Each structure stands twice: as C-alpha cells, then as structure tokens.
Amino acid sequence: MKVGVFDSGLGGLNVLNTISQKNKHDYYFLGDSLRAPYGDRSSEEIRKFSTQIVEFLAEFGIDHYVVACNTICATSLDFLREKYRYTFLSIVDMGVLETLKTKGDVLVLATRRTVETHVYKNRIQKNSNRNVKEIAAVKLVPIIENGMEDRKSLSDALDEYLNFANKNKTPNILLGCTHFPIIKDEIEKKLKYKANIIDPAEYLKDHMDFEQSKKNNLHLFMTSKTIQTQKTADQIFEKKVDIEQVSLK
Ligand code: DGL
C-alpha cells in the first residue's frame, strides 16, 4: 500500500520509524518543518496547512494516511475526514486507546493547541474515571527541531514540565506530541520515579491493518532541511536517510 504520513516536522519521522519497523509499505512522508511549531498556530492555519499536505501527498496516489501529529488531529481531523474520502489513522486515537489500557492518573504532555482542545482529557475521562493533567510543553518542539543542541534549555524545560509528575509520582505520562518520544531518554533521566511513558506510535504500529508490501520504501519530504534536521533524521533511523526539500502550494 502507499501510506502517506505527515506531521509539522521531525516528530512524524519518529512515528514513521516506529511503524515501518513492523509494517512494510511504500511510505511517503511530509514534515512541514518550515512552518513548525504548529502548536502555537490557530486552528484555521493548521487546517489550511494540513489540506496542502494531504494534496501534496495525494499526487503520489496515497491509499491511506497516518496523521502523525497530535496538533493536526486535535484541530483538523474531523475537517479532513469530511473533506476527503481517504482513511486517516489518527495518532490521538492511538494515544487514547493505549492509555485506556493502563491504570491510574495520567499526565499529558502536548502542544499548546492540543492542550486547549482537551482532546486527551475529554476522551480518556469519558471512558475511565481518573485524573488527567494536561501540560502545554511549549518550549520543547523548537528545541527538538533545532537538533537538541541547546542542552541547557532542554534540561531546564524538562525540569519545569516534569515538576508536576515528580511531585505527584503520576503513574502514566502520555507523550501527546510526536516530537517528544525523540527525547524519551532525557525525560526518563529527569524523572525521580519509574513512570509508564506512553508513546502512541507504539500502539499504532500494532494496529495498521492494511495489506503489507514485500519491503519498505521510504520517500521523505520536508519543507525545510537544515544540518540539524538531517542529523536528527539520521539519528532517528540509525542510518543516513535521503530527505528532499519541497515547497507546498
Ligand atoms: N508533532 C506535533 C504534535 O504531535 C506538533 C509539533 C508542533 O508544534 O509543530 O503535536
């Protein structure tokens, strides 16, 4: 199958790496790094950008889409599902389903826009009776997009965003932004207790029910390609990957 995967940037590449380890397809990826972070943009802008992305990828004859961006899911998924007849697998659906398998309180780390929609809190609490605390971890996406070179800012930001978890020993931490699993090791190091860290892509990997191809083919496109982007992409896939820089209309 031809599977289109998209995100505002590098987080989607991490999702692609996770799902492609188990599911063989002809993958077409678009990361809109030029306009990231989406998390600080309006819902209207995000809907406009995601339409451009879907139409860019549609040129390749995509059979199914994976929306590898929580912020796009939170703001634009209903819009996309109404506008197009494609299937859109949602990373938020996967995060909710995975979290519902766990027990105890939940801390959701996400972008500002995702937190404002309360998509995770509402959907988890609708199906289970527990506390869900949402934190807009707004400083992390720019640091990750810049290749995590600013270690001090990363460390300070994590201290700030994980303070609640460390104080309350929140059993589950849901990474509600696809950029955050890229720094999962750093998150674990900052926690003063053992938390269950939920990466929705891990659940997605086990729930892609389309017919598979014989081997993987990865076609990677980004709207901005810097030395840091390339370095982080190579680290994610643990090999040198080809990324083509494109512009969207
Ligand atoms: N990776 C995206 C997400 O999962 C958003 C990052 C951004 O703010 O651009 O929400």
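The coordinates are above.
Okay, so let's go over this structure. The structure displayed is predicted, hence computed values, not measured ones.

Cut-offs applied
Residues numbered from 1 in each chain as written. Predicted model: local features only at pLDDT ≥ 70, side-chain atom pairs only at ≥ 80, totals over all residues. Heavy atoms only, no water. Pairing = 2+ DSSP bridges. Helix = DSSP H or I, 4+ residues; strand = E, 2+ residues; numbered from the N terminus. Axes fitted to C-alpha atoms, helices over the stretch in contact; angles between N-to-C directions. Polar contact = N/O pair within 3.5 Å; in protein donor to acceptor, adjacent residues only side chain to side chain. Contact = heavy atoms within 4.5 Å. Near = heavy atom within 4 Å. 1 Å grid on protein atoms, 1.4 Å probe; cavity = no way out; pocket = protein on both sides within 12 Å on 5 of 7 lines; lining within 4 Å. Sits in = over half its atoms within 2 Å of the grid points. Nonpolar A, V, L, I, M, F, W, Y, C, P; charged D, E, K, R; others polar. Expected span 1.5 Å × (residues − 1). Bend = angle between axes of the 7 residues up to and from the residue. Buried < 20%, exposed > 50% of the residue type's maximum accessible area, 1.4 Å probe, protein only. Salt bridge = Lys/Arg side-chain N within 4 Å of Asp/Glu carboxyl O.

### A look at the sheet that holds strand 7 (residues 172-175)
Sheet architecture is open: four strands sit in the order 6-5-7-8, paired in parallel fashion. Only two strands of the sheet have a single partner each, and these edge strands are strand 6 (132-136) and strand 8 (196-198). Ignoring strand direction, the axes of neighbouring strands in this sheet form an average angle of 20°. Where strand 5 (residues 106-110) and strand 7 come together, four bridges link them in parallel fashion. Considered in strand 7, the bridge of Val-108 is made with Leu-174.

### Notes on the side chain of Arg-35
By secondary structure assignment, the location of Arg-35 is in the loop between strand 2 (26-31) and helix 2 (43-58). A polar side-chain atom of Arg-35 sits 2.7 Å from a polar atom in the side chain of Asp-32. A distance of 2.7 Å separates the side chain of Arg-35 from the side chain of Gln-52, its partner in a polar contact. With residues near it in sequence (within four places) discarded, Arg-35 still touches Arg-41, Phe-49, Gln-52 and Leu-248.

### Brief notes about the site of the ligand
Near the ligand you find 13 residues, and of these Ser-8, Tyr-38, Thr-71, Thr-178 and His-179 are the closest. In the model, a nitrogen atom of the ligand is placed 3.0 Å from a nitrogen or oxygen of the Asp-7 side chain. Here an oxygen atom of the ligand and a backbone polar atom of Tyr-38 are 2.6 Å apart. For the ligand, the cavity whose grid points lie within 2 Å of the majority of its atoms is the largest cavity. Considered class by class, the residues forming the shell around the ligand number five nonpolar, seven polar and one charged.

### Comments concerning helix 8 (residues 151-168)
For helix 8, which comprises 18 residues, the first-to-last C-alpha distance of 26 Å matches the rise-based estimate of 26 Å (1.5 Å per residue) to within 8%. Along helix 8, the largest kink reaches about 50° and is centred on Leu-162. All buried positions along helix 8 are accounted for by Leu-154, Ala-157, Leu-158, Tyr-161, Leu-162, Ala-165 and Asn-166. Buried-residue contacts for helix 8 involve strand 5, strand 6, helix 7 (140-145), strand 7 and helix 9 (184-190). Following helix 8 by one or two positions, Lys-169 has its phi on the positive side, about 50°.

### Quick look at the environment of Gly-12
Relative to the helices and strands, Gly-12 is located in helix 1 (residues 10-20). Leave out the neighbours within four places in its chain, and Gly-12 touches Val-5, Asp-7, Phe-29, Ala-68 and Thr-178.

### Re the pattern of salt bridges
Any two side chains of opposite charge can pair, given that their charged atoms come close. Taken as a whole, this structure holds 16 salt bridges when the rule is applied. One salt bridge connects Asp-40 with Arg-112, and the closest N-O pair in it is separated by 3.2 Å. Of this pair, Asp-40 sits in the loop between strand 2 and helix 2 while Arg-112 sits in helix 5 (residues 112-117), and the two are 72 residues apart along the sequence. One salt bridge in this structure joins Arg-113 and Glu-116, with 2.3 Å as the shortest N-O distance.

### A word on the sheet that holds strand 9 (residues 217-222)
The parallel open sheet is built from six strands, whose spatial order is 4-3-1-2-9-10. Across the chains shown, the open sheet's two edge strands, defined by having one partner strand only, are strand 4 (87-90) and strand 10 (243-245). Taken over all neighbouring pairs, the strand axes of this sheet differ in orientation by 25° on average, direction set aside. The pairing of strand 1 (residues 2-7) with strand 3 (residues 64-67) spans four bridges and is parallel. Looking at strand 3, one finds that Phe-6 is bridged to Val-67.

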